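The residues making up each chain are set out below.
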Amino acid sequence: MTWIRGGPSSLDGRNIKEAIDGSLKRLGTDYIDLYQLHWPDRYVPMFGDRDYDPSCSYSSVSIEEQLQALGVAVKEGKIRNIGVSNETAFGVMEFCRLAEQNNSLPRIITIQNAYSLLCRTFDMTLAECCNHQRVGLLAYSPLAMGLLSGKYLSDYGGSSQFRLNKYRGRYAEAECRYSMAKPNVLPAIKAYVEIAQRHNLSPVALAIGFVLKRPLVTSVVIGATKLWQLREILDAARVHLSEDILAEIDRVHERYPNPTP
């Protein structure tokens, strides 16, 4: 990623400091309320990978060094709180363990990971860690890159302007995780859309409503390119999902578990 400070190779103290100072300058503000590390500075399976491969491990900047750099920024008043993103259970517990052992290190308060009807892997091990460590989930991609809106279900695959179509061949992360060709992705989407239709809900309302109802979700990270899309998402935040609807959702999840991990 050469466009980010010439392509930094690690999350060392220098890069963290430069990133924070650059963000403050671009934002034109004195401090940042929540500063998150976008992804781990070590090998972890992500974006569609399911299994951990020890042979892929590599030397990386320690979590302690990352926390020390963030701690300096907190003491200087540049950031107020810190979080992580695309993290694992090991990572969350290591961040928390180090902060507990050393009061000079800041404690993470959030984790921003993918969470949707098509990706509930957070519930496997991360949920327990976050519950006991009081780390809130900021759920990103609650519509699974728009798949759960149902707009890709047409015979022609939807408009050429839809994100997955518009950037096809140029968006490796999205294509490996959200490909309609992956096993169970298409049948799972159809099943959730059918639940929404049976209960006179939009597919968006079902998807957003489900994520917001989860006990450890602090907030949902949304995206919209049209004003009507934003209104639909905001309306979905007020939707009540009955126990019957939630039971139907769980039955689909049991049949097609986590097709877009």
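Note that this is a predicted model, so its numbers are computed, not measured.

A. Structural view of the overall build of the protein. Within the protein, the regular secondary structure consists of 10 helices and 5 strands. Viewed in the frame of its principal axes, the protein has a C-alpha envelope of about 55 × 45 × 40 Å. Here the protein has roughly 14300 Å² of accessible surface; of this, 51% comes from carbon and sulfur atoms.

B. Structural detail: the domain arrangement of the protein. Domains assigned within the protein are domain 1 (1-112) and domain 2 (145-213 + 224-260). One C-alpha centre belongs to domain 1, the other to domain 2; they are set 30 Å apart.

C. Examining the packing of helix α8 (residues 203-213) against helix α10 (residues 243-255) more closely. Where α8 contacts α10, the two axes come as close as 12 Å, and the packing angle between them is 95°. By the angle between their axes, α8 is roughly perpendicular relative to α10. Of α10, the residues touching α8 (which contributes L206, F210 and K213) are E243, I245, L246 and I249. A class-by-class count of the residues in the contact of α8 with α10 yields 5 nonpolar, no polar and 2 charged.

D. Geometry of the pairing of strand β3 (residues 108-114). The buried fraction of β3 amounts to 5 of the 7 residues, a majority that puts the element mostly inside the structure. In the sheet, strand β2 (residues 79-85) pairs with β3 via 4 bridges, with the strands oriented parallel. Considered in β3, the bridge of S85 is made with Q112. In the classification by handedness, the crossover that spans β2, the intervening helix α3 (residues 89-101) and the parallel β3 is right-handed.

E. Local environment of the pattern of salt bridges. Tallied over the entire structure, the rule returns 11 salt bridges. Between E94 and R97 there is a salt bridge, with the nearest N and O atoms lying 2.7 Å from each other. Of the two residues, E94 and R97 are both situated in helix α3; the distance of 3 residues between them amounts to about one turn of the helix. Look at R97 and you get partly exposed, because its relative accessible area is 36%. Residues D123 and R214 are paired through a salt bridge, measuring 3.4 Å at the closest nitrogen-oxygen approach. With D123 in the loop between β3 and α4 (126-133) and R214 in the loop between α8 and β5 (217-221), this residue pair connects regions lying 91 residues apart in the sequence.

F. Representation of the packing of aromatic side chains within the structure. Taken as a whole, this structure holds 3 aromatic pairs when the rule is applied. With a centroid separation of 6.2 Å and an interplanar angle of 90°, the aromatic rings of Y115 and F122 are classed as edge-to-face. Each member of the pair, Y115 as well as F122, carries the same accessibility label: buried. Aromatic side chains Y115 and F210 sit 6.4 Å apart centroid to centroid with 5° between the ring planes, which places their arrangement in the stacked category. One end of the pair, Y115, is in the loop between β3 and α4; the other, F210, is in helix α8, with 95 residues separating them in the sequence. F210 gets classed as buried once you look at its relative accessible area, which sits at 2%.

G. Spatial organisation of a nonpolar patch on the surface. Residues M1, W3, I4 and W39 make up a contiguous nonpolar surface patch of roughly 460 Å² in combined accessible area. Residue I4 is classed as partly exposed on the basis of its relative accessible area of 31%.

Parameters at a glance
Residues numbered from 1 in each chain as written. Predicted model: local features only at pLDDT ≥ 70, side-chain atom pairs only at ≥ 80, totals over all residues. Heavy atoms only, no water. Helix = DSSP H or I, 4+ residues; strand = E, 2+ residues; numbered from the N terminus. Areas by Shrake-Rupley, 256 points an atom, 1.4 Å probe, with all protein chains shown as cover. Domains from an automatic or database assignment. Axes fitted to C-alpha atoms, helices over the stretch in contact; angles between N-to-C directions. Parallel < 35°, antiparallel > 145°, perpendicular 65-115°, else oblique. Contact = heavy atoms within 4.5 Å. Nonpolar A, V, L, I, M, F, W, Y, C, P; charged D, E, K, R; others polar. Buried < 20%, exposed > 50% of the residue type's maximum accessible area, 1.4 Å probe, protein only. Pairing = 2+ DSSP bridges. Right-handed = clockwise from strand over helix to strand, strands pointing away. Salt bridge = Lys/Arg side-chain N within 4 Å of Asp/Glu carboxyl O. Phe/Tyr/Trp six-rings, centres within 6.5 Å; stacked < 30°, edge-to-face > 60°. Patch = residues over 30% accessible without salt bridge, like charges linked within 9 Å, V, L, I, M, F, W, Y side chains within 5 Å.

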